[in-house]
Amino acid sequence: MFPKDNMRFIETTRMWPTLLLACLFVAGSLAIAQDSIVISGGAGMVGTTSSGSKFVQPILAPVAVVPIGERVLIESRGDIREFLFWPANGSYSHQFFGSLEYLQVSVIANSHLTLTAGKFLTPFGVYNERLTPIWIRNFQDAPIIFPIGTRTTGSSNGAMIRGNVVARRDWQVDYAGYFSASSNVEQFKAGRSAGLRTSLFLPKPGLEIGGSYERYLQATLTGDTVTPGALDENDTNIFGAHLWWHPPQSAFHFKSEFAHSPSGHGYWIETAYRFGKPASTAYFSGVEPLFRMQQFIRRDQRVGDSLPREGAQQADFGVNYYITPTLRVNGSYSRQFTPLGDRNIWNVAITYRFLVPIPLGSKK
């Protein structure tokens, strides 16, 4: 993963005030938490080789979950990493990066409605919310269409509602709607936008299909700065769709997403199959072959959209090996094809998932 590809990293020297505020916020919440808190997350090391350049990233991604009573939940996740870089023609360099990915308060009103406020992961598609942590994603590089709908930050600042519209034994419909305010505050950068995502889930076949819509309500987000000005109303609508299939009692996974924006449109399709422990596969127990195909077709040049300038196609081949349920070794090879030239991308990673519940006493 290249930090500047998805623009989600801010220099650590500029983030200490925000991290301190987040720590104080969570610490203050502990004083009134009645049950227990959970400290979890992941740590890992990712190595990348691309076009003769080499990158190494030690990563720590802590997550804090603080329940307050039965209906209030405070959640936060950070990402801290050292970026070591050996260019093909140049000298070694390194830089420290970090980001506050979300810091939110959720109130569970009932089984159909949860209210969330703060900085939250933008619910456009499902990759951003479900697969971005290093200990979950199969490929360490995010899909090339990831910036569509999530902009350059992956997060929004404002309010979100979500829940189940219908929850039956054979089918379920859920939703997530949000509004984000414009902000240039460090670690809380976001554009003014609103969006909706809805999904239909069929438990018996393990099939989920859904769609996303986002309406951007101001100018484009260029790099780390929201540029003033207005766009044509026809250029502010973004659409997405996803299809996931995980048959019950099966080790096969199928995931896919499609997204369309004024910049262009594209898709990614990913499959995986994890071998189990029967005698016939004893030597392959814990092995999970991976494949992903993706493409982005450029429609219009937009400054700061973080998408391939001339479009791109890419095939990814990889494998996970689970040493334990929480310790994983991952490797992948990608071949990217663009009008500007083709390149090979090699990734190898080791990730560890940790989970530490901290009891705070029983609720009276």
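All values derive from a computational prediction rather than experimental measurement.

(A) Layout of the packing of aromatic side chains. Tallying each qualifying case throughout the model produces 13 aromatic pairs. Residues phenylalanine 120 and tyrosine 178 carry aromatic rings whose centres are separated by 6.2 Å and whose planes lie at 75° to one another, so their mutual orientation is edge-to-face. Taken together, the positions of phenylalanine 120 in strand E6 (residues 113-121) and tyrosine 178 in strand E8 (residues 172-180) put the pair 58 residues apart, joining distant regions of the chain. Phenylalanine 120 sits in the buried class, given a relative accessible area of 0%. Consider the rings of tyrosine 127 and tryptophan 268, whose centres lie 5.8 Å apart with planes at 80°: the pair is edge-to-face. One end of the pair, tyrosine 127, is in helix H3 (residues 127-130); the other, tryptophan 268, is in strand E15 (residues 264-273), with 141 residues separating them in the sequence. One exposure class covers both tyrosine 127 and tryptophan 268, and it is buried. Grouped by ring-pair contacts, the aromatic residues Phe55, Phe83, Phe85 and Phe97 constitute a single cluster. Just above the ring of tryptophan 244 sits the side chain of arginine 130; from NZ or CZ to the centre is 5.0 Å.

(B) Spatial organisation of the layout of surface pockets. Estimated volume of the second largest pocket: approximately 430 Å³. Of all the secondary-structure elements, those providing two or more residues to the lining of the second largest pocket are strand E4 (72-86), strand E5 (93-110), E6, H3 and strand E7 (155-167). When the residues that make up the lining of the second largest pocket are grouped by side-chain class, the tally is 10 nonpolar, four polar and six charged.

(C) Inspection of the environment of histidine 94 at higher detail. If you trace the backbone, histidine 94 turns up in strand E5. Polar side-chain contacts of histidine 94 include one of 2.7 Å to the side chain of glutamate 82.

(D) Geometry of the nonpolar core. Core analysis: the biggest nonpolar cluster contains 15 residues, and Ile145, Ile148 and Phe296 have the highest contact counts within it. For isoleucine 148, the contacting residues outside a window of four places in its chain are Phe124, Ile238, Ala259, His260, Ser261, Gly264, Phe296 and Leu307. Residues Ala61, Tyr102, Leu121 and Ile134 belong to the second largest nonpolar core, which totals 10 residues.

What counts as what
- Residues numbered from 1 in each chain as written.
- Predicted model: local features only at pLDDT ≥ 70, side-chain atom pairs only at ≥ 80, totals over all residues.
- Heavy atoms only, no water.
- Phe/Tyr/Trp six-rings, centres within 6.5 Å; stacked < 30°, edge-to-face > 60°.
- Helix = DSSP H or I, 4+ residues; strand = E, 2+ residues; numbered from the N terminus.
- Buried < 20%, exposed > 50% of the residue type's maximum accessible area, 1.4 Å probe, protein only.
- Lys NZ or Arg CZ within 6 Å of the ring centre and 35° of its normal.
- 1 Å grid on protein atoms, 1.4 Å probe; cavity = no way out; pocket = protein on both sides within 12 Å on 5 of 7 lines; lining within 4 Å.
- Points joined across faces, edges and corners; volume = space filled by probe spheres on them.
- Nonpolar A, V, L, I, M, F, W, Y, C, P; charged D, E, K, R; others polar.
- Polar contact = N/O pair within 3.5 Å; in protein donor to acceptor, adjacent residues only side chain to side chain.
- Core = buried A, V, L, I, M, F, W, Y, C linked by side-chain atoms within 4.5 Å.
- Contact = heavy atoms within 4.5 Å.

Keep in mind these values describe shape, not function.
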